[in-house]
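Below, each chain spelled out in residue letters.
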Amino acid sequence: MDILTTIKQHLNTDFFDLTVVDEIDSTNRVVKQWGKEGKPQGSVLIARSQTAGRGRLGRSFYSPKSGIYFSILLRPHLSLKDTMRLTTAAAVSVADALGEQAKIKWVNDIYLHGKKVCGILTESAFSGEKTDYAVVGIGLNLTAPDEGFPTELNEIAGAIFDNTPTEEQVAHLIVEILSRFEKAYHNLFDATLFETYEKRNLLQGKTVTVGTLSGVVVGINEDFALLIKGEAGQIHTIQAGEATIGSAAF
Ligand code: BTN
């Protein structure tokens, strides 16, 4: 049975309309186009590999056949600030689908056993102050590529499975993520989203550097901003950025 049929068989909702392709440049690019064209929310494009996968902060996202990549089209009415909740809902859904060990590295990377196994990129289009549509893209490293991860990713990247999973296992993982995400999406302002996110915070208690600031992570606030305690004991609220574990020498 192909992966699409298996996913459809197990997905207990008609919220999603799924398309599977072997290879595409970027599922986020295509699904953003779908958003412009007026496709309904819940449309999902799944690709077995990407030739031009996009990451956060304008980076590329390495997307070989040893992973799986998908983007979900949504039409929420959110302010710019609240679009972050889509990313956190996706992060919590992926982490919960992966089990107890999975951690979330603020804002949106999923770590297993100290290595990044999933990246999430949310891109939104606005009509006035509210979102017209949003695309949540999720990239999963199922296994390490046969040739290994590229040198620059070697230290950071890890995989969900030690050995190549069956199509059934991959389908099952996608079903677990999508069904959790649908629930979280319909409850974006529910306290459980924040509580689960906080519980899985990889950075809690760690010394990190964000931009020019270093300090110890003391938590996340209800807007999913990172709270860092500086040397003088003052608490800094960081809304966005990239946190690196360790203290930078300036
Ligand atoms: C990151 O870690 O910087 C975010 C990576 C997001 C990658 C996913 S894979 C599916 C979707 N399509 C893309 O081009 N990017 C996202």
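Each remark here, short or long, concerns the structure printed above.
No experiment lies behind these values; they were computed from the predicted model shown. Starting from 1, residues in each chain are numbered consecutively following that chain's sequence as written. Two thresholds apply to this predicted model, a pLDDT of at least 70 for residue-level local features and 80 or more for giving and counting side-chain atom pairs, whereas whole-chain, interface and lining totals are computed over all residues. Based on all heavy atoms of the structure, the side-chain values leave hydrogens and waters out of the count.

Another point: the sheet that holds strand E5 (residues 109–112). The strand order across the open sheet formed by 7 strands is E1-E2-E3-E7-E6-E5-E4, and the pairing between neighbours is mixed. For this open sheet the edge positions go to strand E1 (17–24) and strand E4 (103–105), each flanked by a neighbour on one side alone. Adjacent strand axes in the sheet meet at a mean angle of 20 degrees when their direction is disregarded. At least two bridges found by DSSP between two strands are what make those strands a pair. Numbering of helices and strands runs from the N terminus, with a helix taken as a DSSP run of H or I at least four residues long and a strand as a DSSP run of E at least two residues long. Two strands pair when backbone bridges link them, and strand E3 (residues 67–74) and strand E7 (residues 130–141) are joined in this way by 8 bridges, in the antiparallel orientation. Considered in E7, the bridge of Ile 68 is made with Leu 140. Comment: axis = line fitted to C-alpha atoms, over the contacting stretch for helices; angle = value between 0 and 180 degrees taken between N-to-C directions.

A word on the site of the ligand. Nearness here has a simple test: a residue counts as near a molecule or strand if at least one of its heavy atoms is within 4 Å of that partner. Surrounding the ligand, one finds 20 residues, the nearest of these being Ser 26, Thr 27, Arg 54, Arg 56 and Lys 116. Only the protein chains shown count as cover for residues, with accessible areas throughout obtained via the Shrake-Rupley method and a probe of 1.4 Å. With the chains in place, 97% of the 410 Å² that the ligand exposes on its own is no longer accessible. Elements represented by at least two residues in the shell around the ligand include exactly helix H2 (27–37), E3, strand E6 (115–127) and E7. Residues are grouped as follows: Ala, Val, Leu, Ile, Met, Phe, Trp, Tyr, Cys and Pro are nonpolar; Asp, Glu, Lys and Arg are charged; all remaining types, including Gly, are polar. Here the shell around the ligand is composed, by residue class, of 6 nonpolar, 10 polar and 4 charged.

A few words now on a negative patch on the surface. To count toward a patch, a residue needs a relative accessible area over 30% and no salt bridge; like charges are then connected within 9 Å, while nonpolar side chains (Val, Leu, Ile, Met, Phe, Trp, Tyr) are connected within 5 Å. Any Lys or Arg side-chain nitrogen located within 4 Å of an Asp or Glu carboxyl oxygen qualifies as a salt bridge. Positive residues here are Lys and Arg, negative ones are Asp and Glu, while His and the chain termini are left out of the count. Every charge is mapped to an atom, namely NZ of Lys, CZ of Arg, CG of Asp or CD of Glu. On the surface, a cluster of negative charge is contributed by Asp 190, Glu 195, Glu 198 and Glu 222. One can find Glu 195 in helix H6 (residues 191–199). Burial classification: accessible surface area is computed with a 1.4 Å probe over protein chains only, and a residue below 20% of its type maximum counts as buried, one above 50% as exposed, and the rest as partly exposed. Residue classification places Glu 195 among the partly exposed residues on the basis of a relative accessible area of 45%.

Across the sheet, 5 strands lie side by side as E11-E10-E9-E8-E12; this open sheet has antiparallel pairing. Whereas interior strands pair on both sides, the edge strands pair on one side only; in this sheet they are strand E11 (235–238) and strand E12 (243–245). Geometrically, the sheet is characterised by an average inter-axis angle of 45 degrees between neighbouring strands, direction not taken into account. With 4 bridges connecting them, strand E9 (residues 213–220) and strand E10 (residues 226–229) associate as antiparallel partners. Among the inter-strand pairings, Val 216 is bridged to a residue of E10, identified as Lys 229.

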